[in-house]
Amino acid sequence: MQIDGWDYSFENLPHWGIREHFPYVYDQLTQSLTGEYAILIYSIAEVSMCNEVGCLAVLERREHPLLILNAYKAHFPPQTPVFSANGRYVCLNSQMYLPDQNRVECPLLLLDLYERQFTVLAIDTHGYQIAIQNQTEKELILCLTPCSNPSEPEQQVSIQLAELLRHPFQEINMLERWLKS
């Protein structure tokens, strides 16, 4: 199956088959600027009123796609993932329902595509447009621009890369393990 030029067996991804039970399900694929990576938010459906979310698949190498990350316990609203200039880092808003607490957490995830690691950032991005403005070996600067009034001054958040608690991609579906960190 092909989506935006990426030929992969998408139908084998977990929860792909929900489209057989829901009348309106769609997918959203975004490529890195280099075209080396694709971020697919798939099986997007309305899980509660005005709340659409899907699962996440990250692919590498367009010519022979390799699935490097598949998150199906956390959910992802439709969005345009924010890539760093070199394509190494990606910011994504996520959602996860915590049934024991009957609440939803909405952390910002930072993916390191080169090292195959992710970090949960404790930054409230609700109502803001995110951009990665600057990147050095030691620091990322996130710019948050208010969606309601883009003429308002943007907030800059400095992220010291050495201080991040990183998790391997293999732990992306172990929510209880990394959410409490």
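Throughout what follows, the structure given in this document is the object of discussion.

Reading the values: the criteria
- Residues numbered from 1 in each chain as written.
- Predicted model: local features only at pLDDT ≥ 70, side-chain atom pairs only at ≥ 80, totals over all residues.
- Heavy atoms only, no water.
- Pairing = 2+ DSSP bridges.
- Helix = DSSP H or I, 4+ residues; strand = E, 2+ residues; numbered from the N terminus.
- Axes fitted to C-alpha atoms, helices over the stretch in contact; angles between N-to-C directions.
- Disulfide = S-S within 2.5 Å.
- Buried < 20%, exposed > 50% of the residue type's maximum accessible area, 1.4 Å probe, protein only.
- Salt bridge = Lys/Arg side-chain N within 4 Å of Asp/Glu carboxyl O.
- Core = buried A, V, L, I, M, F, W, Y, C linked by side-chain atoms within 4.5 Å.
- Contact = heavy atoms within 4.5 Å.

Examining the sheet that holds strand β14 (residues 139-146)
Two modes of strand pairing occur in sheets, parallel and antiparallel, and in both the strands are linked by backbone hydrogen bonds.
Piece 1. One open sheet holds the three strands; their spatial order is β13-β14-β15, and the pairing between them is antiparallel. Each edge of the sheet is formed by a strand with only one pairing partner; in this case those strands are β13 (128-135) and β15 (155-160). On average, each strand axis in the sheet is tilted by 25° relative to the strand beside it, whichever way the strands run.
Piece 2. Bridge count for β14 against β15 is six bridges, and the pairing is antiparallel. Bridge assignment links Ile-141 to a residue of β15, and that residue is Ser-158.

Comments concerning the state of the cysteines
Piece 1. Counted under the stated rule, the structure contains zero disulfides.
Piece 2. Lacking any disulfide linkage, Cys-106 is separated from the closest cysteine sulfur, that of Cys-147, by 14 Å.
Piece 3. No disulfide involves Cys-147; its sulfur sits 14 Å from that of Cys-143, the nearest cysteine.
Piece 4. Cys-147 gets classed as partly exposed once you look at its relative accessible area, which sits at 46%.

Digging into the pattern of salt bridges
For side chains of opposite charge, pairing can occur when their charged atoms come near one another.
Piece 1. As enumerated under the stated definition, the model contains seven salt bridges in all.
Piece 2. Where Glu-115 meets Arg-88, a salt bridge forms, and the shortest distance between an N and an O atom there is 3.7 Å. Taken together, the positions of Glu-115 in the loop between β11 (108-112) and β12 (117-121) and Arg-88 in the loop between β7 (82-83) and β8 (89-93) put the pair 27 residues apart, joining distant regions of the chain.
Piece 3. Taking the shortest distance from any N to any O, the salt bridge between Asp-112 and Arg-166 comes out at 3.2 Å. Highlighted residues: Asp-112 in strand β11 and Arg-166 in the loop between β15 and β16 (167-168), separated in sequence by 54 residues.
Piece 4. Connected via shared salt-bridge partners are Arg-88, Asp-112, Glu-115 and Arg-166.

What about the sheet that holds strand β4 (residues 37-48)?
Piece 1. Spatially, β3-β4-β5-β6 is the arrangement adopted by the four strands of the open sheet, whose pairing is antiparallel. The sheet terminates laterally at β3 (26-31) and β6 (66-76), the two strands that pair on one side only. With strand direction ignored, the average angle separating the axes of adjacent strands in the sheet is 20°.
Piece 2. Pairing analysis gives six bridges linking strand β5 (residues 51-60) to β6, with the strands arranged antiparallel. Within the sheet, the bridge partner assigned to Glu-60 lies in β6 and is Leu-66.

Regarding the nonpolar core
Piece 1. Counting 22 residues, the largest nonpolar core has Leu-56, Val-58, Phe-76, Leu-111 and Leu-113 as the members making the most contacts within it.
Piece 2. Elements with a minimum of two residues in this core: β4, β5, β6, β8 and β11.
Piece 3. At five residues, β6 tops the list of elements feeding residues into this core.
Piece 4. In contact with Leu-56, other than residues within four places in its own chain, are Ile-39, Leu-40, Ile-41, Tyr-42, Leu-69, Asn-70, Ala-71, Phe-76 and Leu-92.
Piece 5. Formed by 15 residues, the second largest nonpolar core is a distinct cluster that contains Tyr-89, Leu-108, Ile-123 and Leu-140.

Section: the pairing of β11
Piece 1. Most of β11 sits out of view: five of its five residues are buried.
Piece 2. Of the two faces of β11, the one lined by Leu-108, Leu-110 and Asp-112 and the one lined by Leu-109 and Leu-111 are each fully buried.
Piece 3. Pairing analysis gives five bridges linking β8 to β11, with the strands arranged antiparallel. The residue bridging Asn-93 from the neighbouring strand is Leu-108, located in β11.
Piece 4. Sheet topology note: the β11/β12 ladder contains five bridges and is antiparallel. Along β12, the bridge assignment pairs Leu-111 with Phe-118.
Piece 5. Between β11 and the antiparallel strand that follows it, β12, lie four residues; Arg-116 among them carries a positive phi value of about 60°.

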